[in-house]
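Here is what each chain is made of, one letter per residue.
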Amino acid sequence: MFQDNPLLAQLKQQIQETLPKKEGTIKATEKGFGFLEVDAKNSFFIPPPYMKKCMHGDKVVAIIRTEKDREVAEPQELVEQAITRFIGRVKLIKGKLNVVPDSPTLKKLTLKAKTKKGIKSDDLNDGDWVVAHVIRHPLKDDGGFFVEITEKITDTDDKIAPWWVTLAQNDLPKTEPAGIENWEINDHSDLERVDLTNVPFVTIDGESTKDMDDALYAKKNDDGSFELTIAIADPTAYITPEDDMDKVARERGFTIYLPGRNIPMLPRDLADDLCSLIENEVRPAICCKVTVGADGVIQDDIQFFAANIKSHARLAYDNVSDWLETGTCDKWQPSDEIAQVVTELNEFANARATWRETHAVVFPDRPDYRFELSEDNDVVAIHADMRRVANRLVEESMITANICAGRVLSKAYGYGVFNTHLGFKADKLKDVVELVNQGKEDNLYTEEGLSTLEGFAQLRRNLDSLDSSYLDNRIRKYQAYSEISNQPDAHYAMGLDVYATWTSPIRKYGDMVNHRLLKAYILGCEPTQQPDDALGEELALHRKHHKIAERTVGDWLYARTLAEEPKKQTQFTAEIFDINRAGIRARLLENGASVFIPNPLIVDNKERIEGNNENGTVLVDKEVVYRLGDTLKVTLNDVNQETRSLIAKPVEVFADTATENSDSATQ
């Protein structure tokens, strides 16, 4: 009777016009309500009914009214729509097509849907994974939300769903690029390749690796120095900057590495065959030859040249490590020639590692966590692989090669594809100095000192020598992000003045670009390709999406694998890496899973506990009980496979003080 009354509608509009308005960003919660975040200090509660008009991340104008003695926000106008494309699951309601977004902040939304032309709605079942686009928004169109399903990803019960859904979520390719019938070497006509097929190069990789892109050779000189030669596979021999395949490689940026599978940047017939440095097969390569002193110092006699090489031995990390560490290996026994090469490579790596430990920055050893999958894509085991002597041998060789490329490209051209890191954020230097000087009588560190490469590297070495990682964890949030730049600059996080990777051109587009620059350097001519300003940003964005995808698939597999652990009450060792007001984020050292420990599972009275993000501490009854970097024993309290989240609980929880006092009084 009253809903169509124009006078009431006019009165309602007049009332709304007199109410204050605020512009802000929608922050949704899993419980259906949300907040209008106006700035860092001001936010307004949005009740669940009003949240049906908007999505998490939307920028809106809302009216502020008082309801039940509380200021609440009602979104009225859409300023900027946060989500247009999303991943969701089909939900059939009375035969009608709907989509529920696969996001903790959007799961309360059930959105009416249609299919785009070419997709039959009858082919979609409850729970199927789909890509959908928002085509109607309540704050700018009449009616509620409405979406269009543009792609079916996979069925609801597909065991490979974690991979397909994650790739679609990040808009990443599902397969490698298509190859061509006959690849031909299409290199610069003046590029001469030295015949090094008699040099006993070796490759050292994982046992299942197919795209072997580096081969190594070292010879120890009479003065204790080492003559190191690094040969790198050369896909740019087959792909020119004008080729369509080059555009595809740039669009992909990197090979995508996910738990249990990878999606190559280049076609497999190139990556795993023609360019792969397969044992006893002649392959085109770009080589770097350099002398490294007995003290680990890289000399100035850096040479780059093109060559044809042949791997004389395809070696595996574990076998080489067993042999070097114990003098024997049940699975592998090298010939005298290969034994000498591996021994001298190891001696070189030790000298170089000692130099970096003293003059640069060496990352602390942490395990690489690896999922072992069955043929049916079930997780058989999760392995914690520590870097062993053979891994370090290859790592030192690659770092040396990339330092050499950085020096040559910066001097010859002043541009290239460089990995850079500029230390601490400029606006955080004061905070860092105050933090690291705490408890010291003299101000050992200064802003001026820590803004230099030498000062930053010295601080990192000093932090690594401490028994506790607490201080290291605290200052990491003050560090700048690593970047990919076309201009040479320092890499503070490695303690190096310049660093340009070229050792993985099968897997990294930036390394392909550097190969072409190195070929121009070899020929003494102008490069056929120069990295433009956009390349670094493109590669950084690709790298970000790939890391997110790797972590997302991992979270999915962890939730699957650990689903029964809450019942078993298995104890794990957890290392704290983040602390906030709501609780602790930690990593299980046995398998690498990330868990959240909410405050109520630490102590049942929220008034007794305080999580301080700035100090990286958790206080109970005003006393510090946990710090960043600490380890504690936990059990899993809940595993939510829908949100792929793991909730953990400390084995030792803090008792209620009232109960303790009561017990004491009765004794």
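Procedures and definitions
- Residues numbered from 1 in each chain as written.
- Predicted model: local features only at pLDDT ≥ 70, side-chain atom pairs only at ≥ 80, totals over all residues.
- Heavy atoms only, no water.
- Buried < 20%, exposed > 50% of the residue type's maximum accessible area, 1.4 Å probe, protein only.
- Helix = DSSP H or I, 4+ residues; strand = E, 2+ residues; numbered from the N terminus.
- Pairing = 2+ DSSP bridges.
- Phe/Tyr/Trp six-rings, centres within 6.5 Å; stacked < 30°, edge-to-face > 60°.
- Lys NZ or Arg CZ within 6 Å of the ring centre and 35° of its normal.
- Axes fitted to C-alpha atoms, helices over the stretch in contact; angles between N-to-C directions.
- Parallel < 35°, antiparallel > 145°, perpendicular 65-115°, else oblique.
- Contact = heavy atoms within 4.5 Å.
- Nonpolar A, V, L, I, M, F, W, Y, C, P; charged D, E, K, R; others polar.
- 1 Å grid on protein atoms, 1.4 Å probe; cavity = no way out; pocket = protein on both sides within 12 Å on 5 of 7 lines; lining within 4 Å.
- Points joined across faces, edges and corners; volume = space filled by probe spheres on them.
- Salt bridge = Lys/Arg side-chain N within 4 Å of Asp/Glu carboxyl O.
- Polar contact = N/O pair within 3.5 Å; in protein donor to acceptor, adjacent residues only side chain to side chain.
- Expected span 1.5 Å × (residues − 1).
- UniProt positions renumbered as here; feature names shortened; annotations may be inferred.
- Domains from an automatic or database assignment.

### What about the pairing of strand S12 (residues 214–220)?
Inference 1: Across the 7 residues of S12, 5 count as buried, placing the element largely inside the fold.
Inference 2: Across 7 bridges, S12 lies against strand S13 (residues 226–233) in antiparallel orientation. In the strand pairing of S13, Ala-215 is matched with Ala-231.
Inference 3: Connecting S12 to the antiparallel partner S13 that follows it, the hairpin turn spans 5 residues, and Gly-224 within it adopts a positive phi of roughly 90°.

### With respect to the packing of aromatic side chains
Inference 1: Scanning the model with the defined rule gives 13 aromatic pairs in all.
Inference 2: The interplanar angle of 90° and the centroid separation of 5.9 Å between the aromatic rings of Phe-33 and Phe-35 together place this pair among those described as edge-to-face.
Inference 3: With a centroid separation of 6.3 Å and 65° between ring planes, the pair formed by Phe-201 and Tyr-217 is classed as edge-to-face. With Phe-201 in strand S11 (residues 194–205) and Tyr-217 in strand S12, this pair connects stretches of sequence that are 16 residues apart. Tyr-217 carries the same exposure label as Phe-201, and that label is buried.
Inference 4: Taken together, the aromatic side chains of Phe-33, Phe-35 and Phe-45 make up a single cluster linked through ring pairs.
Inference 5: Lying over the aromatic face of Phe-45, Arg-70 brings its terminal NZ or CZ to 3.9 Å of the ring centre.
Inference 6: Positioned over the ring face of Trp-163 is Arg-261, at 4.6 Å from the centre of the ring.

### Regarding the packing of helix H4 (residues 244–252) against helix H13 (residues 509–523)
Inference 1: H13 packs onto H4 with a crossing angle of 130° between their chain directions and a minimal axis gap of 8 Å. By the angle between their axes, H4 is oblique relative to H13. Seen from H4, the contacting residues are Asp-246, Ala-249 and Arg-250; seen from H13, they are Tyr-509, Met-512 and Arg-516.
Inference 2: Here the residues of the contact of H4 with H13 sort into 3 nonpolar, no polar and 3 charged.

### Quick notes on the layout of surface pockets
Inference 1: What the second largest pocket holds in volume is close to 360 Å³.
Inference 2: What lines the second largest pocket is a set of 20 residues, among which Met-51, Lys-52, Lys-108, Leu-109 and Thr-110 lie closest to the centre.
Inference 3: Among the elements of the structure, helix H2 (48–51) and strand S8 (111–115) are those that each provide at least two residues to the lining of the second largest pocket.
Inference 4: By residue class, the composition of the lining of the second largest pocket is 10 nonpolar, 6 polar and 4 charged.

### Here we look at the pattern of salt bridges
Inference 1: Throughout the structure, instances matching the rule amount to 38 salt bridges.
Inference 2: Asp-532 serves as the salt-bridge partner of Arg-250, at 3.0 Å between the closest nitrogen and oxygen. Of this pair, Arg-250 sits in helix H4 while Asp-532 sits in the loop between H13 and helix H14 (533–561), placing them 282 residues apart in sequence.
Inference 3: Connected through salt bridges with shared partners, the residues Arg-356, Asp-365, Arg-387, Arg-392, Glu-395 and Glu-396 form a single ionic network.

### Let's talk about the side chain of Arg-507
Inference 1: Topologically, Arg-507 is positioned in the loop between strand S21 (483–485) and H13.
Inference 2: Accessibility expressed as a relative area gives 19% for Arg-507, which makes it buried.
Inference 3: Among the polar contacts made by the side chain of Arg-507, one reaches the main-chain carbonyl oxygen of Asp-211 at a distance of 2.8 Å.
Inference 4: Among all residues touching Arg-507, those that are not within four sequence positions of it are Thr-209, Asp-211, Asp-213, Gly-253, Phe-254, Thr-255, Tyr-257 and Met-265.

### Remarks on helix H6 (residues 317–326)
Inference 1: Of all the residues in H6, the buried ones are Asn-319, Val-320, Ser-321 and Trp-323.
Inference 2: Backbone geometry just downstream of H6 places Gly-327 in the positive-phi region, at approximately 90°.

### Focus on the packing of H6 against helix H8 (residues 389–412)
Inference 1: Remark: H6 packs on H8, axes separated minimally by 7 Å, with the N-to-C direction vectors making an angle of 105°. Accordingly, the angle class assigned to the pair H6 and H8 is roughly perpendicular. Along the contact surface, H6 presents Tyr-317, Val-320, Ser-321, Leu-324 and Glu-325, while H8 presents Val-389, Ala-390, Asn-391, Leu-393 and Val-394.
Inference 2: Residue composition of the contact of H6 with H8, grouped by class: 7 nonpolar, 2 polar and 1 charged.

### A few points about H13
Inference 1: Here H13 is 15 residues long and its end C-alpha atoms lie 22 Å apart, about the 21 Å a rise of 1.5 Å per residue gives.
Inference 2: Those residues of H13 that sit buried are Tyr-509, Gly-510, Asp-511, Met-512, Val-513, Asn-514, His-515, Arg-516, Leu-517, Leu-518, Lys-519 and Ala-520.
Inference 3: Those residues of H13 that are buried lie in contact with S13, H4, strand S16 (282–292), strand S17 (303–316), H8 and H14.
Inference 4: Looking one or two residues past H13, Gly-524 carries a phi angle of roughly 70°, positive in sign.

### Structural notes on the UniProt feature "domain: Cold-shock" (unreviewed entry) in the chain
Inference 1: Following the UniProt record, the feature "domain: Cold-shock" (unreviewed entry) maps to residues 23–79 here.
Inference 2: Helix and strand shares over residues 23–79 are 7% and 58% respectively, and the end C-alpha atoms of the span are 8 Å apart.

### Regarding the domain arrangement of the chain
Inference 1: According to the domain assignment, the chain consists of domain 1 (18–80), domain 2 (85–158), domain 3 (194–422 + 483–553), domain 4 (428–479) and domain 5 (563–650).
Inference 2: For domain 2 and domain 5, the distance between their C-alpha centres works out to 35 Å.

### Comments concerning unusual backbone geometry
Inference 1: Its identity as a non-glycine residue notwithstanding, Asp-69 has a phi of 65°, on the positive side.
Inference 2: By secondary structure assignment, the location of Asp-69 is in the loop between strand S4 (59–67) and strand S5 (70–80).
Inference 3: For Arg-644, which is not glycine, the phi torsion reads 55° and is therefore positive.
Inference 4: Take Arg-644: it is sitting in the loop between strand S28 (631–640) and strand S29 (645–650).
Inference 5: Residue class for Arg-644 comes out buried when judged on its relative accessible area of 14%.

### Topic: the pairing of strand S19 (residues 379–385)
Inference 1: In terms of strand pairing, strand S18 (residues 368–373) meets S19 through 6 bridges, oriented antiparallel. Within S19, the position partnered with Arg-370 by the bridge is His-383.
Inference 2: Connecting S18 to the next strand, S19, in antiparallel fashion are 5 residues, including Asn-377 with a positive phi near 65°.

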